[in-house]
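Residues per chain are reported as follows:
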Amino acid sequence: SFYYGTFPAGFLWGVGSSAYQTEGAWDKDGKGPSIWDAFTHKPGQVLGNETGDSACDGYYRVKEDIQLLKELRVNHYLLSLSWPRIMPTGIKAEQLNEKGIQFYNDTINSLLENNITPIVSLYHWDLPQVLQEKYGGWQNISMINYFNDYANLCFEKFGDRVKHWITFSNPWAVAENGYETGEHAPGLKLGGCGAYKAAHHIIKSHAKVWHSYNTTWRREQQGIVGISLTSGWGEPVDPHSQSDRDAAERYIQFHLGWFANPIYRGDYPEVMKNYVGRKSAQQGLGTSRLPTFSVQEKTYIKGTSDFLGIGHFTTRYVLQKNFPFLQVSGYHTDRDLAELVDPNWPAPGPKWLYSVPWGFRRLLNFIKTQYGNPLIYVTENGVSEPAQGTGLCDEGRILYLRGYINEILKALNDGVNVKGYTAWSLLDKFEWNKGFSEKFGLYHVDFKNKNKPRYPKASVDYYKKIISANGFPNSREVENWHRKAMDSCSSTHQHLAADSLITHMEMVTEIVLPTVFTLCILICIVLLIFYLRSHT
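Residues numbered from 1 in each chain as written. Predicted model: local features only at pLDDT ≥ 70, side-chain atom pairs only at ≥ 80, totals over all residues. Heavy atoms only, no water.

Peer 1: Any chance you could explain the pairing of strand S4 (residues 117-121) here in plain terms?
Peer 2: Of all 5 residues in S4, 4 are buried, a share of seventy percent or more. Pairing geometry for strand S3 (residues 76-80) and S4, over 5 bridges, is parallel. For leucine 78, the partnering residue across the bridge sits in S4 and is isoleucine 119. Direction of pairing for S4 relative to strand S5 (residues 164-169): parallel, over a ladder of 3 bridges. Paired with serine 121 across the strands is isoleucine 166, a residue of S5. (Buried < 20%, exposed > 50% of the residue type's maximum accessible area, 1.4 Å probe, protein only. Helix = DSSP H or I, 4+ residues; strand = E, 2+ residues; numbered from the N terminus. Pairing = 2+ DSSP bridges.)

Rendered as structure tokens:
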């Protein structure tokens, strides 16, 4: 049932995006290449062979996009820094890019001038390509020191104004999609060890950066450092079946617990150690494919988060499924489970993202119980719609936001310590291996227009109302928001249609008219030649 009520005073409302997905300018002003530049430039890696080379042209449109944030009336904006834009090779001792540093200084200053708090992620997947080529990226332990050098430079350059830092955004996808399935950059398929090894180094890197901030910068800058973990919720298919309940628990532990457990409890989840260890033994391996932390490392890593960022999109039903040990083992088969969906769940966009709001409350309560009720910021939550059409009347997104934000309100009443919410995302943008085929933005971007203008979808109007009311005051008012939001998109459609016509006319003016003019001159020259020949 829907719960009417308001969030606590001081609850933070925001919206987010990431550098590679929006900035573009992939090789401009001294920026070095990232693994995503290299990955997308290889044919066959991304749907339609699309790239983020220009993306939303966000590098050139900071002030315009900050106006959109003002229009939304958000308290904060979650953005990521591009490591190769600041350090082209990823190595501090080799080169710093002052233009990149200035770009982020200007962005942070503009946000603060407009009373918008920057929440800054140090890493949203765009590793410098040089580090991948030289060392194998997150497979190599040397990344820990290189990442720490980069983080300390960011604290030095921006920490006087940035007070909320995220070390890694969704490291699960970095490890699993980058080093096991190869669906994401760097596109490596390293069997049963790749993802676990990458995650191991990422967790150690996070801890080192937290300690660096704690010992060197905290007293002076008074900021907080956390990590952003994205996880679905796993619900047992049969809640009365112990094997299904255990499988659902494994689903969460292998997803969220993989990173959260070492940070909050000092080690990998027991179930993860048991399952990967047993499967490794069945394969005849002398040691587990899941690396181990030393006693000193466990102590060093435990407690290294001032807050927990949570990204959440959807839920799965989970049941027990045994994978024979003769199969090639990897992350997915290690878990011994199968994932199902209810065909009645709404899916406004791609078929992986079903709208299941109740799963969010259960996930938040799991975190409260499992990790000692930490301070939580929701760092990513949203839904996409397919790329066909403009999608300005995004009723599916309105219903999704309404449902998921309401579950956070219920979780607050359960005693969960949630302090802020970040809708994902500000703009339609480059969606990794899916290219531009999925649209997560509250604002539509017309990528066919060279100027890439932004247009508000109906969800902008709806989200603004939630922010202004700090929740859901009563049923009549909330229903009225929905109606008005849907009305707003028809006028935006007219505006977009008019702009498309102007763009078409500009194209005619820029391309067709000069072509016709050139043809006319050529015809005149030919006729003149014939005339002169006939008269001689």
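The structure having been displayed, the exposition proceeds.
Peer 1: Is there a simple way to think about the packing of helix H15 (residues 395-413) against helix H16 (residues 458-469) in this case?
Peer 2: Helices that pack against each other are described as a pair by the angle of their axes relative to one another and the distance between those axes. H16 packs onto H15 with a crossing angle of 25 degrees between their chain directions and a minimal axis gap of 9 Å. In terms of orientation, H15 and H16 fall into the roughly parallel class. Here H15 runs over H16; the crossing is right-handed. Of the residues in H16, those in contact with Arg397, Ile398, Leu401, Arg402 and Ile405 of H15 are Ala458, Ser459, Tyr462, Tyr463 and Ile466. Classifying every residue of the contact of H15 with H16 gives 7 nonpolar, 1 polar and 2 charged. (Axes fitted to C-alpha atoms, helices over the stretch in contact; angles between N-to-C directions. Parallel < 35°, antiparallel > 145°, perpendicular 65-115°, else oblique. Left-handed = near helix turned anticlockwise from the far one by under 90°. Contact = heavy atoms within 4.5 Å. Nonpolar A, V, L, I, M, F, W, Y, C, P; charged D, E, K, R; others polar.)

Peer 1: It is not clear to me how unusual backbone geometry should be interpreted in this structure. Could you clarify?
Peer 2: A negative phi holds for most residues other than glycine; trans holds for most peptide bonds. Here the bond from alanine 185 into proline 186 is cis, since omega is 5 degrees, no more than 30 degrees from zero. In this structure, proline 186 sits in the loop between helix H8 (171-179) and helix H9 (194-221). A cis amide bond links tryptophan 424 with the next residue in sequence, serine 425, at an omega value of 15 degrees. Position of serine 425 relative to the elements: it lies in the loop between strand S13 (418-424) and strand S14 (438-439). Its identity as a non-glycine residue notwithstanding, arginine 73 has a phi of 65 degrees, on the positive side. Along the chain, arginine 73 turns up in the loop between helix H3 (62-72) and S3. Note on arginine 73: relative accessible area 48%, which makes it partly exposed.

Peer 1: Before we go on, may I ask you to explain the pattern of salt bridges in this structure?
Peer 2: Using the criterion set out here, one finds 27 salt bridges in the structure. Two residues, arginine 85 and glutamate 23, come together in a salt bridge whose shortest N-O distance is 2.8 Å. Placement of the pair is arginine 85 in helix H4 (residues 83-86) and glutamate 23 in the loop between helix H1 (19-22) and helix H2 (35-40), with a sequence separation of 62 residues. You can call arginine 85 buried: its relative accessible area is 1%. The buried category is assigned to glutamate 23, whose relative accessible area is 7%. As a salt-bridge pair, lysine 31 and aspartate 37 come within 2.9 Å of each other at their nearest N and O atoms. (Salt bridge = Lys/Arg side-chain N within 4 Å of Asp/Glu carboxyl O.)

Peer 1: Explain the packing of H8 against helix H10 (residues 242-265) to me, please; I cannot follow it from the model alone.
Peer 2: Look at H8 against H10: their axes get within 10 Å of each other, and the N-to-C directions meet at 115 degrees. Once H8 is placed against H10, the crossing between them reads as right-handed. Where H8 approaches H10, its residues Pro171, Trp172 and Ala175 are matched on the opposing element by Phe254, His255, Trp258 and Phe259. Looking at the contact of H8 with H10, its residues break down into 6 nonpolar, 1 polar and no charged.

Peer 1: How should I be thinking about the environment of aspartate 244 in this particular structure?
Peer 2: Its place among the elements puts aspartate 244 in helix H10. Along the backbone, aspartate 244 and glycine 14 are 230 residues apart, and their C-alpha atoms lie at a distance of 37 Å. In this structure, aspartate 244 is in contact with Pro236, Val237, Asp238, Val318, Leu319 and Gln320, ignoring residues within four places of it in sequence.

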